[in-house]
Protein chains: 6
Amino acid sequence: MSEQFLRLGVPKGSLQDATLKLFAKAGWKIKLHNRNYFPDIDDDRIKCSLARAQEMSMYVENGTFDVGLTGMDWIKENKSDVVIVDDLIYSKVSNRKARWVLCVKGDSPYKRPEDLEGKKVATELMGFTKEYFASQNINVDVSFSWGTTEAKVVEDLCDAIVEITETGTTIRANGLRIIAELMQTNTQLIANKDAWEDPKKRKLITEINMLLQGALKAEKMVGLKMNLPKEKLADLNGSLPSLNSPTVAELQDPNWLSVEIMVEEMVVRDLIPRLVEFGAEGIIEYPLNKVI
Amino acid sequence: MSEQFLRLGVPKGSLQDATLKLFAKAGWKIKLHNRNYFPDIDDDRIKCSLARAQEMSMYVENGTFDVGLTGMDWIKENKSDVVIVDDLIYSKVSNRKARWVLCVKGDSPYKRPEDLEGKKVATELMGFTKEYFASQNINVDVSFSWGTTEAKVVEDLCDAIVEITETGTTIRANGLRIIAELMQTNTQLIANKDAWEDPKKRKLITEINMLLQGALKAEKMVGLKMNLPKEKLADLNGSLPSLNSPTVAELQDPNWLSVEIMVEEMVVRDLIPRLVEFGAEGIIEYPLNKVI
Amino acid sequence: MSEQFLRLGVPKGSLQDATLKLFAKAGWKIKLHNRNYFPDIDDDRIKCSLARAQEMSMYVENGTFDVGLTGMDWIKENKSDVVIVDDLIYSKVSNRKARWVLCVKGDSPYKRPEDLEGKKVATELMGFTKEYFASQNINVDVSFSWGTTEAKVVEDLCDAIVEITETGTTIRANGLRIIAELMQTNTQLIANKDAWEDPKKRKLITEINMLLQGALKAEKMVGLKMNLPKEKLADLNGSLPSLNSPTVAELQDPNWLSVEIMVEEMVVRDLIPRLVEFGAEGIIEYPLNKVI
Amino acid sequence: MSEQFLRLGVPKGSLQDATLKLFAKAGWKIKLHNRNYFPDIDDDRIKCSLARAQEMSMYVENGTFDVGLTGMDWIKENKSDVVIVDDLIYSKVSNRKARWVLCVKGDSPYKRPEDLEGKKVATELMGFTKEYFASQNINVDVSFSWGTTEAKVVEDLCDAIVEITETGTTIRANGLRIIAELMQTNTQLIANKDAWEDPKKRKLITEINMLLQGALKAEKMVGLKMNLPKEKLADLNGSLPSLNSPTVAELQDPNWLSVEIMVEEMVVRDLIPRLVEFGAEGIIEYPLNKVI
Amino acid sequence: MSEQFLRLGVPKGSLQDATLKLFAKAGWKIKLHNRNYFPDIDDDRIKCSLARAQEMSMYVENGTFDVGLTGMDWIKENKSDVVIVDDLIYSKVSNRKARWVLCVKGDSPYKRPEDLEGKKVATELMGFTKEYFASQNINVDVSFSWGTTEAKVVEDLCDAIVEITETGTTIRANGLRIIAELMQTNTQLIANKDAWEDPKKRKLITEINMLLQGALKAEKMVGLKMNLPKEKLADLNGSLPSLNSPTVAELQDPNWLSVEIMVEEMVVRDLIPRLVEFGAEGIIEYPLNKVI
Amino acid sequence: MSEQFLRLGVPKGSLQDATLKLFAKAGWKIKLHNRNYFPDIDDDRIKCSLARAQEMSMYVENGTFDVGLTGMDWIKENKSDVVIVDDLIYSKVSNRKARWVLCVKGDSPYKRPEDLEGKKVATELMGFTKEYFASQNINVDVSFSWGTTEAKVVEDLCDAIVEITETGTTIRANGLRIIAELMQTNTQLIANKDAWEDPKKRKLITEINMLLQGALKAEKMVGLKMNLPKEKLADLNGSLPSLNSPTVAELQDPNWLSVEIMVEEMVVRDLIPRLVEFGAEGIIEYPLNKVI
């Protein structure tokens, strides 16, 4: 590595807790300090800094950080020239990506973006919003909002807003109506271009990504292990397409095989009854920490 | 399935939390809504409703629900003509079944049910109680109690009560004495008779039961895995009767076998020392999610 | 066993919660009673009593208890003639042993123990402290402290203290300076000498120790399982020295092996990338309850 | 008193906590026992029992209790012949009385009670509901509901329900519509007729009521004290009608008076500005425990 | 009032809870709604909206709100032309005003603002910061910071920051050094100019301020009441200067007076011993809700 | 004061929280620091140290502290020559003093202290216990106990114990029986003899005691204020003996008097009805902070 350590940007705010938990599962303990933006990490090769998700991609682009986590929305807003290493789909209740949507008052006449010609739009994501409307050849007056953005439409401070939402609940609770979805967004692992060209740094970034992905994958998966009559194996592979690459071992009893598979937890309830019909015995399900 | 979905009755009240946890372990997420009695379930084939355990079997009998969970006591009280699919022995501290018992004041002269001839008995389970005394040819005056039933004996509002108890603590704390046990009760998975005759519905109910039972069983069990000298295997099977059906695999080293067993957690502390004496090495214990 | 049961002393106070959790992992449920010093244990062969860690070794020595847990410091302080069965390294944040240290005021002239000739020393561990200074031929006046020992140096009630510390934080927070480490201490499983000579009791004590150690070991370890091309196995054993004694099984596919190892959780993040480079596939990490 | 003590019925359930707090403010500590229905009270003249609000008036009527607290709804349902000593308006968020209302599905055709002719109605308050419909000459089939009553309309198990509500939130959340209010209800202090004729018991009941009312009143009131120029007093009494019966004292300075009043906390924000305009000085507001 | 109601802006964020508590003490209950920015207030003359403290003064200036609460810092930043009704010194632990300070790295060479000539300064308060440096004839490059501003100096993204602090703890924890204090700030009650000219609105704003101030004052004060020998009164007034304007009333006993004073709670421990020496008897201290 | 400050010893352990709350009510804020034995106090004349209650009187005797709080038991155990300034009866649930009692096994033959001749007694309070038995001419073997003292009798490690108890619950829960009460004990405010002779220090100690006692007294008392017809006053004083020294003021209406009294909260429920019978009107009860 051209320097002594890899500088990692940890997003402060709504992504922070999920990020710390994910690194813990992957094998790194990151410890926050009260009123200090430089968390400790138990790996001498890495130094951590907290930064706002809104600013992260700028810091990765300009080399302040070698690698960082942030949303695709702020990468686009900042037009940052960074390496997108991988998508990090954190396990959430909704499992839906967050969306930036264009909303108007519920009882307003606006039905489509073009109805907003000449109107006022408030948003936290100004650059992206301006470009969106420009690309559609719609003239709007875009102004910045510090927050409580929904309230601005309700109080007639603007005609529309561009706001982020996962489930739409807050938007509906304020009596607003979504008329367009402008972007979907998700957490990304991003790297600085020079760091990515440095073989030592790229190797470490790649390993971190491998372990983060392994921990994310294990959250949704479980191990299944069973004994199967040997003559059923071929049929099993043919008829249960989800069973790609089972680990099959001989048992002492020459008529039986041990079959072990890793599957998504949510398919287990459908799979087990089919395995039983198939003749499997001694089926057990066990939890996983990582799946690589 | 003759209809699009299976209607599942979830017991509201004391069984509710245990039921939701059990379904989660079995593979279904049921999500309650505040002030609304129709929980979501993450399976398009099923629709959930909350209902009181007392009323559940009636709704399963009349087809409002295809399948439901409730206690054997209320099935009998309602004389509901339903299919008893299986017993669900929830893991509790006491691990004892709940019992409906006949209690009198601690210092009263009554020793046996027949001593209550001509007396007053209060209970929440009126039908069952009347039948019990009729079957014994004892004349008693049975009246309905809304609750705080123990207090009624203490205050001489009645001579005896029929009440449910797990450990007897509340009964003793009020100075009462149990003179007879009338019924043991336990949670049951029950099905509507027509639903049970519908092949698609029966299949789904059977699969739900298989997974509920698998999750219940895993709560008390762990996996043990060890390496064993090949020549000891026969002895092991002979001398350790609890080891029914171990999964035995060849290792690369031709002198050793890999042996894997599922055992009740509470026997592990006795079993491991015997396995070590026997020559087992590399013993590990790991947790289980389901045992089918 | 010469008596009906093994009498186990459970340390009351700072070790109590960690002790109960450790026994639970090992397979015994110990249940405290409010305002009563005789906890229940779910094993008919054992009776539990609570005792202070300071007095534990005296009770084990005189046979009140057959076996107990306490620190090495109080065994030495009491000069108890007991059998040290094993070290119990509870998993703590610091993972360091506690130390009894000799401390003086930060701005005092004392640099070494011999500088305290003729001075006053306060401690809770009087016997050990007196002997220590006697063995060094240093005359000091040792007095007993009931607690808040650090404050006594700050207020000039004494010139030095002998106090226990894990990380030194409290000592530094009071402006004190450590000039010597007198003893390291750790929790020990100790047994009465006669009990140890009784074959039945020794067998049970040995089994308890085996399971306690198995639970302690599993806290820091995880299981790793992978598929490996058969021709890589020899290389793997040679180049990955941490992989002592993997369990290797044949798979049905004659070119692949199943390799399973137990490793410390903290090396996994370095190990997995090397295994992947090596050609391993389907790597999973899973949690462990016990490693014997 | 004809007997040694006054028997007081304390409502178990939703009214229980509010009742215990009210008695504490009035001057009596009532202490519940776990799993026992006879709370302690720190007054040798009184004995407490817990009873369900639904059954309370029956027990007061038949003399089991001399005095008790329950809702007007269950007094009417039970048609109990008891003395209504006083209304107890507990301070609640809403400050509204609870109401029993007739509800139908939001999208049903029923607009008025008479539209339910020949239909099914479910309720926990059967007697009252039957009488209500009889008095209106409407034939309906009233059936008893154990709870989750709103769900029964939603699932078409009945056409309407009679249910209690304070704010209507649960009713609306289930998509129901209120078509009539049948009764308002409130907590009452009630007494047995014989107890009320016993002079000693009536005296104690009256004193308890005086102190309960004094504590309830003080929750909404504060004390205001001010100095006022003597010549303004007559004007003050004339122009501030809310100031009935101020306590007026001479001050040493013969030109000023001390005026002290007890007022509802919610009028203070309007009153203080008027007092200042009027020439009052040194106005203070202080909290009250009781106002008799 | 020219309109039906007074529009009140409530600051969302760090001031929000303190604001709601203060209004509650003053006599108004403001109730937040989940996911909705229009809290309820129990006064028909007022309508509340939540707004960010940063934007509040703009909304008061343009008439969106008639009156609002925000910090002096953001009033200045926005150069808002509003009426400053009064200072609201919320009771805090520190009781110090917050300060915007100019900070540099602890080990940097900068000692005074002029040392930053030609350097980069980051802040959330851009307008004010630019003007400050312009007024000092210092050329600096001021850039906007979204937050975690201290980190930017540490990471050399800028040379200095202008940041808010109460105690300086966060600044020191990041190793920064304060080289100048640029502004002190405190919560203000502000009004729109037109609203202030409307007699009805000004009257209501003035009353709200009177009650907010009365509640703030009462937090630090208590009432003291005592009986005093008549001949001591003159001496008391002379020798106890803190006792300005006691309320003195005659008692029935012509030799004694009743003396009542409101004093700061923190002087009571010094005052009571002096009052006792002076001959005062029956001294009581009681709590206050408001002091006008 | 001969020195700059008064050194105050604050008891660490079971008395600590109650002590801090009491000083707060009296007017001093004492703030603990984590891992440091020298709390801050908001009075420049005082310096605080934490010390164990067992050692407090020794430090007050030798002048380390000028004043401190500890139990009478440890003053006697240490035979400390200190000034007992006053008793501090902390308000507890039981309101009973703690007692050191002599206990034996419930089924033992010992009935009186003299039955223990030649027996073994364990206690934490060795000096006092030895003297007690010596003064009774009873020979016993007294040994020191670090804690869990009750268990030692149960396990036959001794024949009797001398232990502290408030309600006897722990003693009964272990099946022990009290055969003698040896000492009652209570928290004391104690002073060093020289400090007490220093006029400045004695003055400050006396003031602290006055305010501590004033705060303790106010916890159990409330203020009652009422208007009374003038002709009833003489009768009132005669017939209501609890009303010693009411404060009586003339009202403007020459027929009425204002009467104000401080009474124990627990008599209010009896007093108010009698005052109403007597003709009192406008009775209010209000809370108190201090009563001197």
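Criteria and cut-off values
- Residues numbered from 1 in each chain as written.
- Chains lettered and ligands numbered in written order.
- Predicted model: local features only at pLDDT ≥ 70, side-chain atom pairs only at ≥ 80, totals over all residues.
- Heavy atoms only, no water.
- Helix = DSSP H or I, 4+ residues; strand = E, 2+ residues; numbered from the N terminus.
- Rg over C-alpha atoms; globule rule 2.2 N^0.38 Å.
- Buried < 20%, exposed > 50% of the residue type's maximum accessible area, 1.4 Å probe, protein only.
- Contact = heavy atoms within 4.5 Å.
- Buried area = accessible area lost by both parts, 1.4 Å probe.
- Salt bridge = Lys/Arg side-chain N within 4 Å of Asp/Glu carboxyl O.
- Polar contact = N/O pair within 3.5 Å; in protein donor to acceptor, adjacent residues only side chain to side chain.
- Pairing = 2+ DSSP bridges.
- Right-handed = clockwise from strand over helix to strand, strands pointing away.
- Axes fitted to C-alpha atoms, helices over the stretch in contact; angles between N-to-C directions.
- Phe/Tyr/Trp six-rings, centres within 6.5 Å; stacked < 30°, edge-to-face > 60°.
- Lys NZ or Arg CZ within 6 Å of the ring centre and 35° of its normal.
- Domains from an automatic or database assignment.
- Nonpolar A, V, L, I, M, F, W, Y, C, P; charged D, E, K, R; others polar.
- Least-squares fit on C-alpha atoms with pLDDT ≥ 70 in both.
- Arc of directions from axis to C-beta.
- pLDDT = per-residue confidence, 0-100.

It is worth spelling out the overall build of chain A at this point. Regarding its fold elements, chain A presents ten helices and 17 strands. Relative to its length of 292 residues, chain A is extended, with a C-alpha radius of gyration of 25 Å against a globular reference of 19 Å. Reported as C-alpha extents along the three principal axes, the dimensions of chain A are approximately 80 × 55 × 35 Å. When the 292 residues of chain A are sorted by exposure, 53% land in the buried category.

Residue-level contacts link 31 residues of chain F with 31 residues of chain C. Around 2,700 Å² of area is buried between chain F and chain C when both sides are counted, 61% of it from carbon and sulfur atoms. At the boundary of chain F and chain C, one finds two salt bridges. One salt bridge in this structure joins Lys152(F) and Glu55(C), with 2.7 Å as the shortest N-O distance. Counting across the interface, chain F meets chain C through eleven residue pairs in polar contact (both at pLDDT 80 or more). Within the residue set of the side of chain F that touches chain C, elements represented by two or more residues are strand 3 (36-41), strand 4 (46-52), helix 2 (53-61), helix 5 (149-154) and helix 6 (169-173) of chain F.

For the rest of this paragraph, the subject is the side chain of Thr70(A). Residue and element names in this part refer to chain A. Looking at the secondary structure, you find Thr 70 in strand 5 (residues 67-71). A distance of 2.8 Å separates a polar side-chain atom of Thr 70 from the backbone oxygen of Ala 53. Look past the residues within four positions of Thr 70 in its chain and what remains in contact with it is Leu 15, Ala 53, Met 56, Ile 75, Asn 186, Thr 187, Gln 188 and Ile 190.

All names here are of chain F. Where strand 8 (residues 120-123) meets strand 9 (residues 141-144), four bridges bridge the pair, whose relative direction is parallel. Its bridge partner being in strand 9, Thr 123 is matched across the sheet by Phe 144. Between the parallel pair strand 8 and strand 9, the chain is carried across by helix 4 (residues 126-135), and the sense of this crossover is right-handed. In this structure, strand 8 lies alongside strand 10 (residues 160-165), joined through three bridges in parallel fashion. Counted as the bridge partner of Val 121 is Ala 160 from strand 10.

Moving on, we get to the arrangement of the chains. Counting contacts across all nine pairs of chains found in contact, the highest total belongs to chains C and F. One finds no contact between chain C and chain E; the C-alpha atoms of the two approach each other to within 17 Å at their closest. Between chain A and chain F there is no contact, and the shortest C-alpha to C-alpha distance separating them is 16 Å.

What follows deals with the sheet that holds strand 11 (residues 176-185) of chain C. The pairing of strands in a sheet comes from backbone hydrogen bonds and takes either a parallel or an antiparallel form. Residue and element names in this part refer to chain C. Here five strands make up an open sheet; going across it, the order is 9-8-10-7-11 and the pairing mixed. One side of each edge strand has no neighbouring strand; the edge strands of this open sheet are strand 9 (141-144) and strand 11. Between one strand axis and the next, the sheet turns through 25° on average, direction left out of account. Against the sheet, helix 4 (residues 126-135) contacts strand 7 (98-105), strand 8 (120-123), strand 9, strand 10 (160-165) and strand 11, and its axis sits at roughly 170° relative to strand 9.

Bringing the packing of aromatic side chains into the picture now. Under the definition given, this model contains 42 aromatic pairs over all chains. When the centroid spacing of 6.1 Å and the interplanar angle of 70° are considered together, the rings of Phe144(B) and Trp146(B) count as edge-to-face. Residue classification places Phe144(B) among the partly exposed residues on the basis of a relative accessible area of 33%. Take Trp146(B): its relative accessible area is 26%, and that puts it in the partly exposed class. Here the aromatic rings of Tyr132(F) and Phe133(F) are separated by 5.2 Å at their centres, their planes lie at 80°, and the arrangement is edge-to-face. According to the relative accessible area criterion, Tyr132(F) is buried, its value standing at 16%. A network of ring pairs unites the aromatic residues Trp74(A), Phe144(A), Trp146(A), Trp74(E), Phe144(E) and Trp146(E) as a single cluster. Positioned over the ring face of Phe278(E) is Lys232(E), at 5.7 Å from the centre of the ring.

Here we come to the domain arrangement of chain A. Residues and elements named next belong to chain A. Domain annotation for chain A reports domain 1 (6-92 + 187-218), domain 2 (98-185) and domain 3 (220-287). Here the C-alpha centre of domain 2 lies 30 Å away from the C-alpha centre of domain 1. Counting residues at the interface gives nine residues for domain 1, matched by eleven residues for domain 2. Taking both partners together, domain 1 and domain 2 bury about 780 Å²; carbon and sulfur atoms supply 48% of that area. Three residues, Asp 73, Trp 74 and Glu 77, lead the burial of domain 1 against domain 2; their summed loss comes to 58% of the area buried on that side. Seen at the junction of domain 1 and domain 2, the total is one salt bridge. With its nearest N and O atoms 2.5 Å apart, the salt bridge here joins Glu 131 to Lys 79. Counting across the domain 1 and domain 2 interface gives eight residue pairs in polar contact (both at pLDDT 80 or more). Here the side of domain 1 that touches domain 2 takes five residues from helix 3 (residues 72-77), the largest share from any one element. Here the residues of the side of domain 1 that touches domain 2 sort into two nonpolar, two polar and five charged.

Expressed as a screw transformation, the operator carrying chain F onto chain C has a rotation angle of 180° and an axial translation of 0.0 Å, and the superposed copies differ by an RMSD of 0.0 Å. Taken together, the rotation and translation describe the operation of a two-fold axis. Nearest to the rotation axis, the C-alpha of Trp146(F) is located 5.3 Å from it, this being the minimum over chain F. In this assembly the copies share their binding face: 100% of the residues contributing to the interface of chain F also contribute to that of chain C.

Turning next to helix 4 (residues 126-135) of chain E. Residues and elements named next belong to chain E. Three or more residues of helix 4 are buried, namely Phe 128, Thr 129, Tyr 132 and Phe 133. Buried residues along helix 4 cover an arc of 125° about the axis, so they all sit on one side. Buried-residue contacts for helix 4 involve helix 3 (72-77), strand 7 (98-105), strand 8 (120-123), strand 9 (141-144), strand 10 (160-165) and strand 11 (176-185). Asn 137, located one to two residues past helix 4, shows a positive phi value of around 55°.

With an axial shift of 0.2 Å and an RMSD of 0.4 Å, the rotation relating chain E to chain A amounts to 179°. Interface overlap between copies is the fraction of interface residues in one copy that are interface residues in the other; for chain E against chain A it reaches 97%, indicating a shared surface.

Checked against the element boundaries, Ser49(E) lands in strand 4 (residues 46-52). Spatially, the C-alpha atoms of Ser49(E) and Lys232(E) are 55 Å apart, while their sequence positions differ by 183 residues. In terms of polar contacts, Ser49(E) uses its side chain to reach the side chain of Glu155(A), at 3.1 Å.

Below, the discussion takes up the interface of chain E and chain A. Between chain E and chain A, the contact holds 29 residues from the first and 28 residues from the second. Both sides of the chain E and chain A interface together cover about 2,600 Å² of buried area, and 62% of this is carbon and sulfur. Across the chain E-chain A interface, the total number found is two salt bridges. Counting every contact that joins chain E to chain A gives eight residue pairs in polar contact (both at pLDDT 80 or more). Every element with two or more residues in the side of chain E that touches chain A is listed here: strand 3 (36-41), strand 4, helix 2 (53-61), helix 5 (149-154) and helix 6 (169-173) of chain E. Ranked by residues supplied to the side of chain E that touches chain A, first place goes to helix 5 of chain E with four residues. A breakdown of the residues in the side of chain E that touches chain A according to their chemical character gives eleven nonpolar, ten polar and eight charged.

The predicted structure's coordinates, where accompanied by low pLDDT, should not be read in detail. Put simply, chain A has an average pLDDT of 90, and 95% of its residues get 70 or more. Reported confidences for the modelled complex are a pTM of 0.85 and an ipTM of 0.86.

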